[in-house]
Amino acid sequence: MLVIYTGATGDMQVNFNPFTPGSPSTGPIYEPLFFYNTARADPPQPRLGQKFSWNADGTQLSITLRQGVKWSDGQPFTSRDVVFTLDLLAKNKALNTTGYRGKATAVDDTHVSVKFDEPSFVDGPQLLGRIYIVPEHVWKSVADPTTAQMRNPVATGPYLEDDVKPQAYTVKANPSHWGGEPAIKRVRVLSLSGNQAGAAAIRAGQIDWQTGPVPNVKNAEQAYPGYKVIITPVNQMVLDTCSNPDLGCKGPQTDPAVRQAIYYAVNRTQLNALAFENTSSEISPSLALLERDQAFISGRLQNKVAPMQPDEARAQQILEGAGYAKGADGIYAKDGKPLQLTLKTVSGWTDYITAVNALSQQLKKAGIKVTAQQLSFNEWSDARGRGDYELIIDSLSQGPAADPFYVYSYFYGSDTTEKVGKQAGTNVSRFTDPQVDAAIAALKKIDPKDTAARQPQFDTIQTRIEQAMPYIPLLTQGTISVYNATKFTGWPTKEDLYAFPAAWQSPDNSEIFRRLKPTGK
Amino acid sequence: MLYYLRKIAFYLVALWTAVTLNFLIPRMMPGDPVTILLAKAQQRGGVDPAARRAYELMLGTDTGEPLFTQYLLYLRNMARGDFGISVSSFPAPVSEVIAASLPWTVVLVGLATVLSVLTGITLGALVGWRRGTWLDSLVPATTVLSAVPYFWLALVLVAVFSSALGWFPLLGGYDVNLTPGWSGEFLASAVYYGILPAATIVISSIGGWLLGMRNMMVSTMAEDYVRTAVAKGLRNRRIMVWYAARNAALPSIAGFAISLGFVVAGSVVTEQVFSYPGIGSKLLQAVENNDYALMQGIFLVITVAVLGANLVVDLLYSIVDPRTRAGAAT
């Protein structure tokens with residue numbers, strides 16, 4: 001039995017509806033058509049699908065399904081289940097969290113064709129990798145699929161529901177899974193009170209895999225004998241700035257020169273040491289991941305990598321060029337207004353609080369006064385969404401595939417933003433730029449395989465966002481996982497990152513469950 | 001009769017006020033459930049912008065109805081016992097979430113309260129009886145323990161008995177390897193896991209009961225009937241228990257009935273420190289996620305419990321002590 005801790009607190013609820021938030025076991029129980037590795041630029045791995053192809057203009061997707069797959073109640077899996085699932089999402093806007101807009105038809109038992117009104121190459125990973133296929137013969141009689149708890153899930157995944165208790169749920173191996181019965185017979189997911197409890201449980205050997213910070217990461221392998229640590233750099237830590245005065249943003253950070261000056265004045269090496277135990281790594285101002293997306297990073301950038309050491313002279317030059325003058329207190333001012341900003345963070349996020357304090361010290365040296373403000377998570381997320389802030393320390397999340405396009409479309413596209421005062425989608429900086437919008441629109445029409453055609457668009461986006469800098473890049477934060485390498489083999493490693501190693505990440509976790517082998521120790 | 005009607009009418013008005021506040025207060029909190037849900041999801045990797053619209057529809061937060069219509073709807077649903085669906089434990093109904101956590105709190109805090117009252121009253125009677133002896137030092141000792149912050153006491157107990165000595169489990173309500181039910185093994189585990197949280201409650205509340213009982217005891221012992229009993233040559237033990245303590249305990253019993261009402265409110269802090277699966281941790285979860293439905297459900301349960309306990313005490317008192325009813329006769 002593999003025991004994992006995902007960071008979940010509070011009681012576990014019975015919920016095997018893969019379309020609802022917080023459904024505990026979508027990955028191991030239900031399966032998507034393909035597995036997209038977000039940690040490495042791998043080709044999609046077949047799951048319920050065998051292969052897929054787009055037509056030339058990206059309006060039609062043809063999928064060939066795996067043959068001989070059976071649902072856990074013994075019924076055969078066919079193209080009708082796939083069409084039913086896609087239609088279910090198209091009909092129920094409340095379930096359609098992936099924004100699916102196609103029209104699916106079954107060509108025969110193993111072939112599905114999905115038509116789109118416009119070129120939709122970039123919707124592929126969501127559709128193929130993040131939509132979990134449900135059985136038509138069970139779900140057609142579900143009265144309200146939005147609130148159904150699906151107590152006895154019928155699915156195709158490598159694991160079946162075993163039992164759910166308020167403090168743990170367990171899944172057991174599916175003996176008739178198309179890929180063969182997994183070697184790990186049971187997986188139990190615990191609910192504990194937080195990361196501290198998780199670290200205590202690892203020390204006691206009660207948990208085999210935990211994703212989340214542990215004290216003294218650098219020496220964790222000595223502190224927890226038999227355990228190993230893997231740090232995967234994916235979260236790009238940034239300062240969100242409410243950047244767009246046209247949409248109602250107020251404050252000095254609406255001036256790009258101020259954002260640039262902050263970018264150069266930050267001492268990233270010191271920040272990493274003080275706040276993150278040196279577990280973070282460099283970041284690119286293109287906001288493409290340095291390891292994973294190396295091939296996409298434009299040669300036209302001023303810096304491919306954000307400077308780890310501060311360049312105060314450069315910051316000074318930028319500010320003075322923009323009409324700022326240093327006052328008697330050492331703080332810059334323009335038109336009689338001192339250059340002071342508030343930086344919001346969540347009380348209790350100790351690493352960010354340390355980072356924010358270090359930042360305000362560093363920026364003070366460069367003549368920028370930054371006051372830290374701690375909020376409850378609720379207030380913080382509300383302020384961020386409504387644009388009621390000057391600076392916020394935050395991290396940008398990645399899309400459903402190893403492709404920087406998603407970061408650009410989520411955080412820089414003008415269709416995911418809103419005026420200040422209304423909740424924005426994902427673009428909380430309120431950044432709008434016609435060139436970036438045009439490039440995002442163009443990328444939607446280009447087959448992701450055609451990298452030569454995509455690069456000019458990436459060049460445009462990356463050079464624009466490096467100048468405008470609505471999100472000021474700080475560091476790339478590592479996701480820390482601690483796992484028991486004595487009891488189990490087959491974990492993803494830096495050399496073989498076959499899935500994103502986070503216990504909470506579905507369906508990556510089920511890919512890992514499937515590959516692990518008990519050593520018998 | 002008029003007296004009882006007036007009492008009941010008063011309680012109905014109090015209930016309505018509480019229920020209305022339940023509706024209003026959560027809606028004054030910053031943020032909304034969907035924003036919080038999405039912000040949490042973003043901490044953990046990708047969320048498609050389309051998710052916002054979907055979750056708004058799914059959680060029904062975007063009804064677009066005016067506040068007053070929402071209020072009427074809320075009153076109707078409350079009357080029917082339909083508390084809606086919890087956002088933080090979606091899609092579980094609120095009634096299910098409460099039903100799963102309420103017994104833990106009622107048993108833990110209930111038993112701890114009973115234990116603390118019984119011990120407090122017994123010790124108080126003894127200290128009052130033997131006043132002036134070394135037993136008097138129990139009063140400042142227990143009062144100091146009551147003054148110690150609740151969470152700090154809990155942390156000290158955890159540090160000493162769980163972390164250092166390893167006698168008790170660190171956290172949780174029972175051994176997660178067992179299946180909840182009426183099996184002996186599970187009950188034993190629940191009791192074992194409950195000892196430290198219960199001890200926190202008992203230690204921190206015993207002082208108040210002890211002090212109150214002791215003071216009542218002292219004044220009761222000056223009464224004529226106690227002196228008569230002594231003059232009659234009754235045994236000391238009989239005088240202490242049947243003449244003094246019985247009368248001295250009356251105010252404590254009233255206080256106990258009221259404190260039972262607060263059992264449901266639980267002790268949010270204790271449950272948080274011990275990760276106990278009770279209603280207090282659910283309340284915290286609801287507040288953290290702006291889960292209006294769950295908050296309203298829990299507040300309603302608490303309100304009804306407190307008002308109910310008060311009503312029972314009020315009515316009982318008018319029977320036990322007719323003087324409280326005197327107003328009705330004139």
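Residues numbered from 1 in each chain as written. Chains lettered and ligands numbered in written order. Predicted model: local features only at pLDDT ≥ 70, side-chain atom pairs only at ≥ 80, totals over all residues. Heavy atoms only, no water.

**Comments concerning the overall build of chain A**
Broken down by element type, chain A carries 15 helices and 21 strands. Relative to the 2.2 N^0.38 estimate, which gives 24 Å for 521 residues, the radius of gyration of chain A is 24 Å and therefore close to what a compact globule would have. Considering only C-alpha atoms, chain A reaches an extent of 80 × 55 × 40 Å along its principal axes. Counting over 521 residues, chain A shows a buried share of 60%. The long-range share in chain A, meaning contacts at least 24 apart out of those at least 6 apart in sequence, stands at 70%. Accessible surface computed for chain A: about 19,500 Å², of which carbon and sulfur atoms make up 48%. Each charge class in chain A was averaged separately, 52 positive and 51 negative side chains, and the resulting centres sit 2 Å apart. (Helix = DSSP H or I, 4+ residues; strand = E, 2+ residues; numbered from the N terminus. Rg over C-alpha atoms; globule rule 2.2 N^0.38 Å. Buried < 20%, exposed > 50% of the residue type's maximum accessible area, 1.4 Å probe, protein only. Contact = heavy atoms within 4.5 Å. Areas by Shrake-Rupley, 256 points an atom, 1.4 Å probe, with all protein chains shown as cover. Lys, Arg positive; Asp, Glu negative; His and termini not counted. Charge placed at Lys NZ, Arg CZ, Asp CG, Glu CD.)

**Quick word on the overall build of chain B**
If you tally the helices and strands in chain B, you get 15 helices and 0 strands. In terms of principal-axis extent, the alpha carbons of chain B reach across some 85 × 65 × 35 Å. For chain B, the share of sequence-separated contacts (at least 6 apart) that also reach a separation of at least 24 residues comes to 73%. Surface summary for chain B: the accessible area is close to 16,600 Å², and the carbon and sulfur share equals 70%. Side-chain charges in chain B split into 21 positive and 17 negative, and the spacing between the mean points of these groups amounts to 16 Å.

**Remarks on the pairing of strand β4 (residues 49–54) of chain A**
Residues and elements named next belong to chain A. Where β4 and strand β5 (residues 60–65) come together, 5 bridges link them in antiparallel fashion. The residue bridging tryptophan 54 from the neighbouring strand is leucine 61, located in β5. Joining the antiparallel neighbours β4 and β5 is a turn of 5 residues, in which glycine 58 adopts a positive phi near 75°. (Pairing = 2+ DSSP bridges.)

**What about the nonpolar core?**
Counting 156 residues, the largest nonpolar core has A:Val114, A:Ile262 and A:Tyr412 as its most contacted members. For A:Tyr412, the residues in contact, after removing those within four places along its chain, are A:Leu287, A:Val407, A:Asn427, A:Phe431, A:Val436, A:Asp437, A:Ile440, A:Ile465, A:Pro470 and A:Tyr471. Residues B:Phe83, B:Ile279, B:Leu283 and B:Ile298 belong to the second largest nonpolar core, which totals 22 residues. (Core = buried A, V, L, I, M, F, W, Y, C linked by side-chain atoms within 4.5 Å.)

**A short note on the interface of chain A and chain B**
Taken residue by residue, the interface counts 54 residues in chain A and 49 residues in chain B. Buried surface at the junction of chain A and chain B, both sides included, amounts to about 4,000 Å², of which 56% is carbon and sulfur. Among the residues chain A hides against chain B, the three largest losses belong to A:Pro21, A:Gln167 and A:Asn378. Together they make up 16% of the total. A salt bridge links B:Glu96 to A:Arg151; its shortest N-O distance comes to 3.2 Å. If you look at where chain A meets chain B, you find 5 residue pairs in polar contact (both at pLDDT 80 or more). For the side of chain A that touches chain B, the elements supplying multiple residues, two or more each, are β10 (186–190), α5 (195–203), α11 (377–386), β18 (391–396) and α12 (405–412) of chain A. (Buried area = accessible area lost by both parts, 1.4 Å probe. Salt bridge = Lys/Arg side-chain N within 4 Å of Asp/Glu carboxyl O. Polar contact = N/O pair within 3.5 Å; in protein donor to acceptor, adjacent residues only side chain to side chain.)

**Quick word on the packing of helix α9 (residues 224–231) of chain B against helix α10 (residues 236–248) of chain B**
All names here are of chain B. Interhelical geometry of α9 versus α10 gives an angle of 175° and a closest axis separation of 10 Å. Considering their axes alone, α9 and α10 lie roughly antiparallel with respect to each other. The residues of α10 that touch α9, namely those facing Tyr225, Val226, Ala229 and Val230, are Ile239, Tyr243 and Asn247. Of the residues belonging to the contact of α9 with α10, the class tally is 6 nonpolar, 1 polar and no charged. (Axes fitted to C-alpha atoms, helices over the stretch in contact; angles between N-to-C directions. Parallel < 35°, antiparallel > 145°, perpendicular 65-115°, else oblique. Nonpolar A, V, L, I, M, F, W, Y, C, P; charged D, E, K, R; others polar.)

**Regarding the state of the cysteines**
Residues and elements named next belong to chain A. Overall, the coordinates contain 1 disulfide over all chains when judged by the stated rule. Here cysteine 242 connects covalently by a disulfide to cysteine 249, the sulfurs 2.0 Å from one another. When the S-S torsion is -75°, as for the bridge of cysteine 242 with cysteine 249, the disulfide is left-handed. A relative accessible area of 6% places cysteine 249 in the buried class. (Disulfide = S-S within 2.5 Å.)

**Let's talk about the sheet that holds β4(A)**
Residue and element names in this part refer to chain A. Taking strand neighbours across the sheet as the criterion, the 4 strands line up as β4-β5-β7-β6 in an open arrangement whose pairing is antiparallel. Each end of this open sheet is capped by a strand with a single partner; those strands are β4 and β6 (103–108). On average, adjacent strands in this sheet sit at an angle of 20° to one another, irrespective of strand direction. Sheet topology places β6 next to strand β7 (residues 111–115); 5 bridges connect them, and they run antiparallel. Residue pairing across strands places lysine 103 opposite lysine 115, the latter belonging to β7. Relative to the sheet, helix α2 (residues 79–91) contacts β5, β6 and β7, its axis offset from that of β6 by approximately 175°.

**Brief notes about the packing of aromatic side chains**
Aromatic rings considered in pairs are described by the distance between their centres and by the relative angle of their planes. Throughout the structure, instances matching the rule amount to 37 aromatic pairs over all chains. Here the aromatic rings of B:Phe168 and B:Tyr192 are separated by 5.9 Å at their centres, their planes lie at 35°, and the arrangement is tilted. With B:Phe168 in the loop between α7 (150–164) and α8 (184–220) and B:Tyr192 in helix α8, this residue pair connects regions lying 24 residues apart in the sequence. A residue is classified by how much of its surface remains accessible, and B:Tyr192, at 38% relative accessible area, is partly exposed. Joined through ring pairs, the aromatic side chains of A:Phe296, A:Phe405, A:Tyr406, A:Tyr408, A:Tyr410, A:Phe411, A:Tyr412, A:Phe431, A:Phe458 and A:Tyr471 make up one cluster. Across from the ring centre of A:Trp178, 3.7 Å away, lies the NZ or CZ of A:Arg66, which sits over that ring. The cationic tip of A:Arg515 hangs over the ring face of A:Tyr498; the distance from NZ or CZ to the ring centre is 3.9 Å. (Phe/Tyr/Trp six-rings, centres within 6.5 Å; stacked < 30°, edge-to-face > 60°. Lys NZ or Arg CZ within 6 Å of the ring centre and 35° of its normal.)

**Structural notes on the UniProt feature "transmembrane region" (unreviewed entry) in chain B**
Residue and element names in this part refer to chain B. The positions UniProt marks with the feature "transmembrane region" (unreviewed entry) are residues 7–25, 104–129, 150–170, 190–211, 248–274 and 294–317. Secondary structure content for residues 7–25 is 100% helix and 0% strand, while the C-alpha to C-alpha distance between its ends is 27 Å. The span residues 104–129 is 100% helical and 0% strand by assignment, and the distance between its end C-alpha atoms comes to 37 Å. (UniProt positions renumbered as here; feature names shortened; annotations may be inferred.)

**What to know about a nonpolar patch on the surface**
All names here are of chain B. The grouping of Leu21, Leu24, Ile25, Met28 and Leu67 at the surface amounts to a nonpolar patch, some 480 Å² of accessible area in total. Sorting elements by how many residues they give to the nonpolar patch places helix α1 (residues 2–27) first, with 3 residues. Checked against the element boundaries, methionine 28 lands in the loop between α1 and α2 (33–43). (Patch = residues over 30% accessible without salt bridge, like charges linked within 9 Å, V, L, I, M, F, W, Y side chains within 5 Å.)

**Focus on the side chain of A:Asn17**
Residue and element names in this part refer to chain A. Within the secondary structure, asparagine 17 is located in the loop between β1 (2–5) and α1 (26–29). Overall, the relative accessible area of 0% leaves asparagine 17 in the buried class. At 2.7 Å, the side chain of asparagine 17 and the backbone oxygen of proline 145 are in polar contact.

**Brief notes about the environment of B:Leu315**
Its place among the elements puts B:Leu315 in helix α14 (residues 292–320). Between the C-alpha atoms of B:Leu315 and B:Asn247, which are 68 residues apart in sequence, the distance is 20 Å.

**Examining the confidence of the model for chain B**
Averaged over every residue, the pLDDT of chain B is 81; the share at 70 or more is 92%. Both confidence scores are given for the complex: pTM 0.81, ipTM 0.75. (pLDDT = per-residue confidence, 0-100.)

**A look at the pairing of strand β16 (residues 340–346) of chain A**
On a regular strand, each side chain points to the face opposite its neighbour's, so the side chains alternate between the two faces of the sheet. All names here are of chain A. In terms of burial, β16 is largely enclosed, as 5 of its 7 residues are buried. Sheet topology places β16 next to strand β17 (residues 369–375); 7 bridges connect them, and they run parallel. Residue valine 346 lies in a different strand from β17, and its bridge partner there is leucine 375. Once the chain exits β16 it traverses helix α10 (residues 350–365) before rejoining the sheet at β17, and the crossover so formed is right-handed. Note: β16 against β18, 2 bridges, orientation parallel. The residue of β18 that forms the bridge with lysine 344 is isoleucine 392. (Right-handed = clockwise from strand over helix to strand, strands pointing away.)

**Topic: the sheet that holds β18(A)**
Residues and elements named next belong to chain A. Read across the sheet, 10 strands follow the order β8-β9-β10-β1-β11-β19-β12-β18-β16-β17 without closing on themselves; strand pairing throughout is mixed. With partners counted over all chains shown, the strands left at the sheet margins are β8 (159–165) and β17, one partner each. Ignoring strand direction, the axes of neighbouring strands in this sheet form an average angle of 25°. Across 6 bridges, strand β12 (residues 227–241) lies against β18 in antiparallel orientation. Paired with leucine 239 across the two strands is isoleucine 393, which belongs to β18.

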